[in-house]
Structure formats: C-alpha cells, structure tokens
Amino acid sequence: MTVDALGRGSPITRVQSLTLALAGAALLAAAPPQPTQPYDSVRAERAVRAAELLAGLGDCRPVSKGHFRSDRGARADIPVCGTRDVVFWKADMDIDCDGRAGPRCNGRTDPYYQPTTAFRQSDGRYLSAETLPFVVVPAPSGIWDHRAHGVRGGSVAAVVHRDRVQYAVVGDTGPRDVIGEASYATAEALGLSPDPRTGGARDGVTYIVFKNSRVTPIEDHRQAVDQGEALARAFLRRQ
C-alpha cells in the first residue's frame, strides 16, 4: 500500500478500504440476528413430560387418614397419596387470589379475597397470587398433616393438567377438609382461566409435592422450576 506524507493510504486505497467496509456492514445487516433462547425455551428442551410424571406415580397408596372434598358441600372422596419421594392428589382447581393485592387479585375481583397467605416472602410481605405460581395444601387436621410428610412452605410442587406441567411452590393453606387449589399465576401458566370467580378446572388436575424440598427464597420461581425439573427426573429414575 502506498503512503502519503501524512502517513495515510493513497486516495484509491482509502476508497477501496471504505468500499470493503461498507460491503461488510451490509452483509452483517442482511444476516439474520442470532436468537438468544429465552429461559422457558431452554427448559422446554429438557422438560419432563406430563405423561411421564403421571405414569411414574402409579396407583394411589393413601397417606391421609381420610378423604377431602373438592369444594364445600361436595362428597369427600379425594385421598392424599404417597410414594417414597412425593405426595400427590388428583382434584379440581379453584383459584387462590389471596395475599398481596394487585390489579387482578383484590377485594373487588375476588369475593373471598384475603390479604394474607400462610407463608411470606423473604422481605416479610405476603405472597402475590397473581405473579407467583403456588399451590394450596389443607391446614393440618386429623385427616392429614402435610408437615408429617416433609411438606412445608416453599416445598416444590409440579401441577399437571392435560399435557402441561407447571412447577410451583407450596404457598398457602386452606380449609382442613377441602383440597384442590392453586394461585392465579399457576392457572394462567397452565392455560386455564385464572378468574377467581369462574376460572380453574372442574377436574383433571394432579398436584405433586416433592418431600423435603424447599425453594429459598420462596418467591424465586426460577429456582422452583430448576429444582422441579431435577426432582422430577430423579423421581422418574427411581421408579
């Protein structure tokens, strides 16, 4: 390359260099951007399928001393079942909108709204049903005491409906004789209507809680998903 008195390339060379640079920029602009995989997409590649989880549960071996109702006034015919690693039950899904108020969960949207949850976030505030996927377990009673089976606030749960699995935490307790309830965010993630008045599912929901597991802090949903996947895979390997 020829150099002028100021140390610059010749005009011809500079024009050629500029042309090459512009051509390279054009090629980069024309090339499609390399997508960055969102967290859920990465997880989907290794996700345990709903059918696998349900098959791994096998037949129900009751661990509750009696049966629960799906709703007040309904027949008590739902046992809590157990294996070495999990407890589970098959019920409907009612929508829990309790806890920290928001635009979708408050006294106007839910006639049974309560501003508290049985368990709290790491900052002391109550959980947000509209943003955090969580499930509700019955308050301890003579029928079943979840604490005796390694279940507590923050325990990891897998909620299965049709071909979908949503990982959540145990976030609240409900009536002593009723079972089958999950947060607004859980229903929404499963593709169900999360409306606290009319949403949820009438049946076909399986709740699986992994014994002696815990998400800390309880509001860390990403940790619930990561733990849930690992626990689900370990559970299936042992079946």
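Up top is the structure these notes are about.
This one's a predicted model, so the numbers in the text were calculated from it and none came from an experiment. (Residues numbered from 1 in each chain as written. Predicted model: local features only at pLDDT ≥ 70, side-chain atom pairs only at ≥ 80, totals over all residues. Heavy atoms only, no water.)

1. Description of the layout of surface pockets
To locate leftover empty space, one rolls a probe as large as a water molecule over the atoms.
Inference 1: Here the largest pocket is characterised by a volume of approximately 690 Å³.
Inference 2: Lining the largest pocket are 30 residues, with D71, D94, I95, Y112 and E181 sitting closest to its centre.
Inference 3: Elements represented by at least two residues in the lining of the largest pocket include exactly β2 (86-96), β3 (134-138), β5 (164-174) and β7 (201-210).
Inference 4: Residues of the lining of the largest pocket, tallied by class, amount to 13 nonpolar, seven polar and ten charged. (1 Å grid on protein atoms, 1.4 Å probe; cavity = no way out; pocket = protein on both sides within 12 Å on 5 of 7 lines; lining within 4 Å. Points joined across faces, edges and corners; volume = space filled by probe spheres on them. Helix = DSSP H or I, 4+ residues; strand = E, 2+ residues; numbered from the N terminus. Nonpolar A, V, L, I, M, F, W, Y, C, P; charged D, E, K, R; others polar.)

2. Observations concerning the pattern of salt bridges
Inference 1: Enumeration over the complete set of coordinates arrives at seven salt bridges.
Inference 2: Here E130 ties to R104 by a salt bridge, and the two come within 3.6 Å at their closest N and O atoms. Pair noted here: E130 is in the loop between β2 and β3 and R104 is in the loop between β2 and β3, with a separation of 26 residues, a long-range link.
Inference 3: Taking the relative accessible area as the measure of exposure, E130 reaches 7% and is therefore buried.
Inference 4: Classification of R104 as partly exposed rests on a relative accessible area of 34%.
Inference 5: As a salt-bridge pair, D145 and R147 come within 3.0 Å of each other at their nearest N and O atoms.
Inference 6: On the accessibility criterion, D145 (24% relative accessible area) is partly exposed.
Inference 7: You can call R147 exposed: its relative accessible area is 56%.
Inference 8: Three or more residues are tied together by salt bridges with common partners; here these are R84, D85 and R238. (Salt bridge = Lys/Arg side-chain N within 4 Å of Asp/Glu carboxyl O. Buried < 20%, exposed > 50% of the residue type's maximum accessible area, 1.4 Å probe, protein only.)

3. Details of the pairing of β3
Inference 1: Burial of β3 is extensive: five of the five residues sit out of reach of the surface.
Inference 2: Going residue by residue along β3, you find F134, V136 and P138 tucked away on one face and V135 and V137 tucked away on the opposite face as well.
Inference 3: As judged from the two bridges shared by β3 and strand β6 (residues 181-183), these two strands associate in the antiparallel manner. Each bridged residue has a counterpart across the sheet, and for V136 the counterpart in β6 is E181. (Pairing = 2+ DSSP bridges.)

4. A look at the state of the cysteines
Inference 1: All told, the structure shown has two disulfides when counted by the stated rule.
Inference 2: Linked covalently through their sulfurs, C60 and C81 form a disulfide whose S-S length is 1.9 Å. Measuring the twist about the S-S bond at about -95°, one finds the C60-C81 disulfide to be left-handed. With C60 in the loop between α3 (50-57) and β1 (81-82) and C81 in strand β1, this residue pair connects regions lying 21 residues apart in the sequence.
Inference 3: A relative accessible area of 5% places C81 in the buried class.
Inference 4: Between C97 and C105 runs a disulfide, and the two sulfur atoms are separated by 1.9 Å. Here C97 and C105 share a disulfide; its torsion about the S-S bond, -70°, makes the bridge left-handed. Note on accessibility: C97 and C105 belong to one class, buried. (Disulfide = S-S within 2.5 Å.)

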